[in-house]
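Coordinates in review
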Amino acid sequence: MAAAAGPRPGVEELALLEQLLGLPKGSKYGVQGERKVPVLQTSNGPGLTGLTTIAAHLVKQAKKDQLLGSTAEEKAVVQQWLEYRVTRVDGGSSKEDTRIILKDLNIHLEDKVYLAGNIFTLADILMYYGLHHVMVDLTVQEKEKYLNVSRWFNHIQHYPGVRQHLSNVIFIKNRLYTNAH
């Protein structure tokens, strides 16, 4: 059931990212500690620890550095949202935490297509994976309340290769009309 609702933070998300980036399967992932922080065993050197560290490594391995941002400012904004993902989204557990996260994102996305402005980045991918389970459970009214988040999320889920096996989150409200006069 967890796979249909959304990826488990960490290992499953990294496997999805690997597939999206067109990397061969077979990376050896593990988890460490109580919070189950992902670890990647590398063949030549020490293991890498942490979702964003491993994700950035995979992006570079796939030679898709543009996903980390092109300019110094874009790179900083991508890093900021990756950090937000790990500290706030993964760290938040209450309904109030979720409400604050959605409110923050809704304000930020008011005049932006993507988290880093007008370019699709790793921040969009990992934030999408991190919020999938939240968006699946929102009511139509809640999705309308966070309209900018809903627009962004719907755009990202339709970006080629991102959603994969995850369930499609529906955003259209169907109105029923009758012929009764």
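Per-chain numbering applies: the sequence of each chain, read as written, is numbered from 1 onward. With the structure being a predicted model, the display of local features is reserved for residues of pLDDT at least 70 and the display and counting of side-chain atom pairs for 80 or more, all residues being used for whole-chain, interface and lining totals. For the side-chain quantities, the full set of heavy atoms in the structure was used; hydrogens and water were omitted.

A closer look at the environment of Ala55
Basically, it comes down to this: To qualify as a helix, a DSSP run of H or I must reach at least 4 residues; to qualify as a strand, a run of E must reach at least 2; elements of each kind are numbered from the N terminus.
The topology assignment puts Ala55 in helix 3 (residues 51-61). Along the chain, Ala55 and Ile107 lie 52 residues apart, while their C-alpha atoms are 26 Å from each other.

Focus: the sheet that holds strand 3 (residues 48-49)
Two orientations exist for strands paired in a sheet by backbone hydrogen bonds: parallel and antiparallel. Where we set the bar: We treat two strands as partners when DSSP finds at least two bridges between them. Every residue pair with non-hydrogen atoms within 4.5 Å of one another is taken to be in contact. Every axis corresponds to a line fitted to the C-alpha atoms, with the helix fit spanning only the stretch in contact, and the corresponding angles, defined between N-to-C directions, vary from 0 to 180 degrees.
With antiparallel pairing, the 3 strands of this open sheet are ordered in space as 1-2-3. Whereas interior strands pair on both sides, the edge strands pair on one side only; in this sheet they are strand 1 (28-32) and strand 3. Where strand 1 lies against strand 2 (residues 37-41), 5 bridges are found, and the strand directions are antiparallel. Of the residues in strand 2, the one forming a bridge with Lys28 is Gln41. Across the sheet, helix 2 (residues 11-20) touches strand 1 and strand 2, and the angle it forms with strand 1 is around 155°.

Here's the deal with the layout of surface pockets
Worth spelling out the cut-off: Cavities and pockets were defined on a 1 Å grid built from protein atoms only: a cavity is a group of points that admits a 1.4 Å probe but offers it no way out, a pocket is an open group of points flanked by protein on both sides within 12 Å along at least five of seven lines, and a lining residue is one with an atom within 4 Å of any such point. Grid points are joined across faces, edges and corners, and a volume is the space filled by probe spheres set on the points.
The calculated volume of the second largest pocket comes to roughly 260 Å³. Lining the second largest pocket are 13 residues, and of these Lys95, Thr98, Val134, Leu138 and Glu142 lie nearest its centre. Elements represented by at least two residues in the lining of the second largest pocket include exactly helix 5 (95-108), helix 6 (122-137) and helix 7 (140-145). Of the residues forming the lining of the second largest pocket, the biggest block, 4 residues, is contributed by helix 5.

Notes on the packing of helix 2 against helix 3
Put simply, the rule is: Small angles under 35 degrees read as roughly parallel and large ones over 145 as roughly antiparallel, with 65 to 115 read as roughly perpendicular and the rest as oblique. The sense of a crossing depends on the near helix, which, turned anticlockwise from the far helix by less than a right angle, makes the crossing left-handed and, turned clockwise, makes it right-handed. In this count, Pro and Cys sit with the nonpolar residues alongside Ala, Val, Leu, Ile, Met, Phe, Trp and Tyr, while Asp, Glu, Lys and Arg are called charged and the others, Gly among them, polar.
Viewed as axis vectors pointing N to C, helix 2 and helix 3 meet at an angle of 15°, and their least axial separation amounts to 10 Å. Taken together, the axes of helix 2 and helix 3 lie roughly parallel to each other. The chirality of how helix 2 crosses helix 3 is right-handed. Contact residues: helix 2 offers Glu13, Leu14, Leu17 and Glu18, while helix 3 offers Leu51, Ile54, Ala55 and Leu58. When the residues that make up the contact of helix 2 with helix 3 are grouped by side-chain class, the tally is 6 nonpolar, no polar and 2 charged.

Some points on the packing of helix 4 (residues 72-89) against helix 6
Close contact between helix 4 and helix 6 brings their axes to 8 Å; oriented N to C, the two are set at 15°. Here helix 6 runs roughly parallel to helix 4, going by the angle between their axes. Handedness of the crossing formed by helix 4 with helix 6: left-handed. Every residue of helix 6 that contacts helix 4 at Val78, Trp81, Leu82, Tyr84, Arg85 and Val89 is listed here: Leu122, Ala123, Leu126, Met127, Tyr129, Gly130 and Leu131. Split by residue class, the contact of helix 4 with helix 6 holds 11 nonpolar, 1 polar and 1 charged.

Some points on the confidence of the model for the chain
Our working definition: The predictor's confidence in any single residue is recorded as pLDDT, a number from 0 to 100.
Overall, the prediction assigns the chain a mean pLDDT of 88, with 90% of residues at 70 or greater. The low-confidence segment residues 1-6 (pLDDT under 50) makes 13 contacts with residues lying over four places distant or belonging to another chain.

Overview of the packing of aromatic side chains
Rules: For Phe, Tyr and Trp, rings pair up if their centres lie within 6.5 Å, where Trp contributes its six-membered ring, and each pair is then called stacked (planes under 30 degrees apart), edge-to-face (over 60) or tilted (otherwise). Three labels apply to residues, based on accessible area from a 1.4 Å probe with only protein chains included: buried if under 20% of the type maximum, exposed if over 50%, partly exposed otherwise in between.
Inspection of the entire model under this criterion finds 7 aromatic pairs. Here Tyr114 and Phe120 contribute two aromatic rings whose centre-to-centre distance is 5.9 Å and whose plane-to-plane angle is 70°, an arrangement assigned as edge-to-face. Given a relative accessible area of 10%, Tyr114 falls into the buried group. With relative accessibility at 12%, the residue Phe120 sits in the buried group.

Some remarks on the pattern of salt bridges
The condition is simple: When a carboxyl oxygen of Asp or Glu is within 4 Å of a side-chain nitrogen of Lys or Arg, the pair counts as a salt bridge.
According to the stated counting rule, one finds 4 salt bridges in the structure shown. As a salt-bridge pair, Glu13 and Arg85 come within 2.6 Å of each other at their nearest N and O atoms. Linking Glu13 in helix 2 with Arg85 in helix 4, this pair joins segments that are 72 residues apart in sequence. Under the relative-accessibility criterion, Arg85 is labelled buried at 1%. Counted as one network, the salt bridges with shared partners bring together Glu13, Arg85 and Asp90.

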